[in-house]
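What follows is each chain in one-letter form.
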Amino acid sequence: MEKLAASTEPQGPRPVLGRESVQCRMECCDVPAETLYDVLHDIEYRKKWDSNVIETFDIARLTVNADVGYYSWRCPKPLKNRDVITLRSWLPMGADYIIMNYSVKHPKYPPRKDLVRAVSIQTGYLIQSTGPKSCVITYLAQVDPKGSLPKWVVNKSSQFLAPKAMKKMYKACLKYPEWKQKHLPHFKPWLHPEQSPLPSLALSELSVQHADSLENIDESAVAESREERMGGAGGEGSDDDTSLT
């Protein structure tokens, strides 16, 4: 069972240009904190449960608890899809865990013509154990989607898409132990850094991705598609979790 609370703090008037802040908090009464932590890290499993993902992969490691990765995702139709390159770091704190990321520029992964390069100003998860088989997760995202977005997108992201994504994550956590037993059960480089196959990368090869160095895309006049209004795919994803096997 999960209990969910969500809030949004969009910055700016009507069509949102610039930062958007979304925060969600979820109580997981039957998911241990360590399982949720594993689910957030396991990139192969994310491809199973995250129906918004187009492509995601790790690029390189910086330290035993920091890496650089790529993530692209579907936006509500008919908006253009987005992608991001982030530096991610993580830290176990006893029975609690924290994961944070922010956007960086990598010389081998410039912005693509078929996607809009967004900026994660600061995004993170705080997982707090509340018992042997329960936890609370708080998700905070401060993101610049690069461009003017219609008000319906902002409202949908905060009131519907973010909470729905959290619920999908919760369902994925329930199925993760069984799935992991069939897919390299002992491979967890986020817990055992000696297992990481990623090449090393010096921090000097990266630079912070500033939003003002990227092109703004004006999509403020884009109308919501009929498929989106009917609650279909294209950024929301299906509730069907039969792929989590």
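The name given to the chain in an unreviewed UniProt entry is START domain-containing protein 10, and the organism recorded there is Homo sapiens.

Enquirer: Which parts of the structure should I look at to understand the overall build of the chain?
Expert: A tally of regular secondary structure across the chain gives four helices and 13 strands. Looking at the chain as a whole, 46% of its 245 residues are labelled buried. Within the chain, residue pairs in contact and separated by at least 24 positions form 66% of the contacts whose partners lie at least 6 positions apart. About 12,600 Å² of surface is accessible on the chain, with carbon and sulfur atoms providing 54% of the total.

Enquirer: Honestly, the pattern of salt bridges in this entry has me stumped. Any pointers?
Expert: Once their charged atoms are close, side chains differing in charge can pair, the charge on each being opposite to the other. Tallied over the full model, the rule gives 10 salt bridges. The residue E44 makes a salt bridge to K47 at a minimum N-O spacing of 3.4 Å. With E44 and K47 both in helix α2 (residues 43–49) and three residues apart, the pair spans about one turn of that helix. Looking at E44, the relative accessible area reads 45%, which means it is partly exposed. By relative accessible area, K47 is classed as partly exposed at 42%. Two residues, R112 and E55, come together in a salt bridge whose shortest N-O distance is 3.5 Å. You can see R112 sitting in the loop between β7 (96–105) and β8 (116–117) and its partner E55 sitting in strand β4 (residues 53–63), a full 57 residues away along the chain. Among the residues examined, R112 registers a relative accessible area of 34% and is labelled partly exposed. The exposure class assigned to E55 is partly exposed, which follows from its relative accessible area of 36%. If you follow the salt bridges from partner to partner, you end up with E55, R112 and D114 in one network.

Enquirer: What exactly am I supposed to notice about the layout of surface pockets here?
Expert: Gaps left between atoms show up when a probe the size of a water molecule is rolled over them. In this model, the largest pocket occupies a volume close to 460 Å³. I43, D58, F187, P189 and W190 are, among the 26 residues lining the largest pocket, the residues nearest its centre. Counting only elements with at least two residues in the lining of the largest pocket, the list comes to α2, β4, β5 (66–73), β6 (82–93) and α3 (151–182). Counting residues per element, the lining of the largest pocket draws most heavily on β4, which supplies five residues.

Enquirer: Sorry if this is basic, but what is going on with the state of the cysteines here?
Expert: Disulfides are covalent bonds that connect the sulfur atoms of two cysteines. Tallying each qualifying case throughout the model produces zero disulfides. C173 forms no disulfide, and the closest cysteine sulfur to it belongs to C28, at a distance of 6.2 Å.

Enquirer: It is not clear to me how the environment of S21 should be interpreted in this structure. Could you clarify?
Expert: Here S21 shows up in strand β3 (residues 20–28). As a C-alpha pair, S21 and D144 span 123 residues in sequence and 8.9 Å in three-dimensional space.

Enquirer: Help me understand the side chain of K180, please; the structure alone is not making it clear to me.
Expert: By the secondary structure assignment, K180 is in helix α3. Apart from the residues within four sequence positions on either side, K180 is in contact with D42, P185, F187 and K188.

Enquirer: Is there a simple way to think about the pairing of strand β10 (residues 134–144) in this case?
Expert: Side-chain positions along a regular strand alternate between the two faces of the sheet. With eight of 11 residues buried, β10 is to be regarded as a mostly interior element. For strand β9 (residues 119–131) and β10, the ladder comprises 11 bridges, and the chain directions are antiparallel. Considered in β10, the bridge of I127 is made with I137. In this antiparallel pair of consecutive strands, β9 and β10, the connection spans two residues.

Enquirer: Would you mind showing me how to read the packing of aromatic side chains here?
Expert: Two aromatic rings are characterised by how far apart their centres lie and by the angle between their planes. Throughout the structure, instances matching the rule amount to eight aromatic pairs. Three or more aromatic residues joined by ring pairs make a cluster, and in this case those are Y45, Y176 and W179.

Enquirer: Help me understand the nonpolar core in this model?
Expert: Nonpolar side chains tend to gather and get buried jointly when the protein is soluble and globular. Core analysis: the largest hydrophobic core is formed by 30 residues, its most contacted members being L36, I127, I137 and M169. Looking at this core, the elements that each hand over two or more residues are β3, α1 (33–41), α2, β7, β9, β10 and α3. Considering each element in turn, this core owes the most residues, eight residues, to α3. Not counting residues up to four positions away in its chain, the partners in contact with I127 are A33, L36, Y37, L40, D96, Y97, C135, V136 and I137.

Enquirer: Please clarify how the pairing of β7 should be interpreted in this entry.
Expert: Sheet topology note: the β6/β7 ladder contains eight bridges and is antiparallel. Counted as the bridge partner of T86 is S103 from β7. Connecting β6 to the next strand, β7, in antiparallel fashion are two residues, including G94 with a positive phi near 70°. The pairing of β7 with strand β12 (residues 207–208) spans two bridges and is antiparallel. Within β12, the residue paired with K105 across the bridge is S207.

Procedures and definitions
Residues numbered from 1 in each chain as written. Predicted model: local features only at pLDDT ≥ 70, side-chain atom pairs only at ≥ 80, totals over all residues. Heavy atoms only, no water. Helix = DSSP H or I, 4+ residues; strand = E, 2+ residues; numbered from the N terminus. Buried < 20%, exposed > 50% of the residue type's maximum accessible area, 1.4 Å probe, protein only. Contact = heavy atoms within 4.5 Å. Areas by Shrake-Rupley, 256 points an atom, 1.4 Å probe, with all protein chains shown as cover. Salt bridge = Lys/Arg side-chain N within 4 Å of Asp/Glu carboxyl O. 1 Å grid on protein atoms, 1.4 Å probe; cavity = no way out; pocket = protein on both sides within 12 Å on 5 of 7 lines; lining within 4 Å. Points joined across faces, edges and corners; volume = space filled by probe spheres on them. Disulfide = S-S within 2.5 Å. Pairing = 2+ DSSP bridges. Phe/Tyr/Trp six-rings, centres within 6.5 Å; stacked < 30°, edge-to-face > 60°. Core = buried A, V, L, I, M, F, W, Y, C linked by side-chain atoms within 4.5 Å.

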